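Descriptive structure summary
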Amino acid sequence: MTYLLAIACVIGIAIGQLLFKFGATTLKNSGSVFDPKTFMILSFALGLYGFVTILWIYVLQRLELGKVYPLMALAFVLVPIGSYFLFGEKFQTQYFVGLFLVVSGIIVIAKA
């Protein structure tokens, strides 16, 4: 169960990064962090980060940091996938090779 919470933290961090990007885009268009749309997006992203941090502390009370922290590398996989679908960002082949290596490393560490 605690590992599922750790994965929820990773997903939360990834969503937060995507929200920060969305907020940055709206900030660029509006020119003000106090624009209602920009402020709402960035506030939600910061709130999500705060919640995920508290959840991460809960996870760390129950699991060893060295065993659970490598899961955070999954954010390097989730954020680009999200940025591809949400923002139309493109990636070259070597990027996907790198993602494969990250996932392979996580699997190796998880079995250690």
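The structure contained in this document is the topic of the report that follows. Keep in mind it's a predicted model, so treat the numbers as computed, not measured.

**Notes on the packing of helix 4 (residues 75–87) against helix 5 (residues 93–111)**
- One can describe the packing of helix 4 onto helix 5 by two numbers: an axis separation of 9 Å at closest approach and a directional angle of 145 degrees. Where helix 4 abuts helix 5, its residues F76, V77 and P80 lie against Y95, L99 and V103.

**Points about the nonpolar core**
- With 19 residues, the main nonpolar core has A6, C9, W56, V59, V68, L71 and M72 as its most contacted residues.
- For this core, the secondary structure elements donating two or more residues are helix 1 (2–30) and helix 2 (36–62).
- If you tally residues by element for this core, the top one is helix 2, at seven residues.
- In contact with L71, not counting residues within four places along its chain, are Y3, A6, I7, V10 and I106.

Rules used throughout
Residues numbered from 1 in each chain as written. Predicted model: local features only at pLDDT ≥ 70, side-chain atom pairs only at ≥ 80, totals over all residues. Heavy atoms only, no water. Axes fitted to C-alpha atoms, helices over the stretch in contact; angles between N-to-C directions. Helix = DSSP H or I, 4+ residues; strand = E, 2+ residues; numbered from the N terminus. Contact = heavy atoms within 4.5 Å. Core = buried A, V, L, I, M, F, W, Y, C linked by side-chain atoms within 4.5 Å. Buried < 20%, exposed > 50% of the residue type's maximum accessible area, 1.4 Å probe, protein only.

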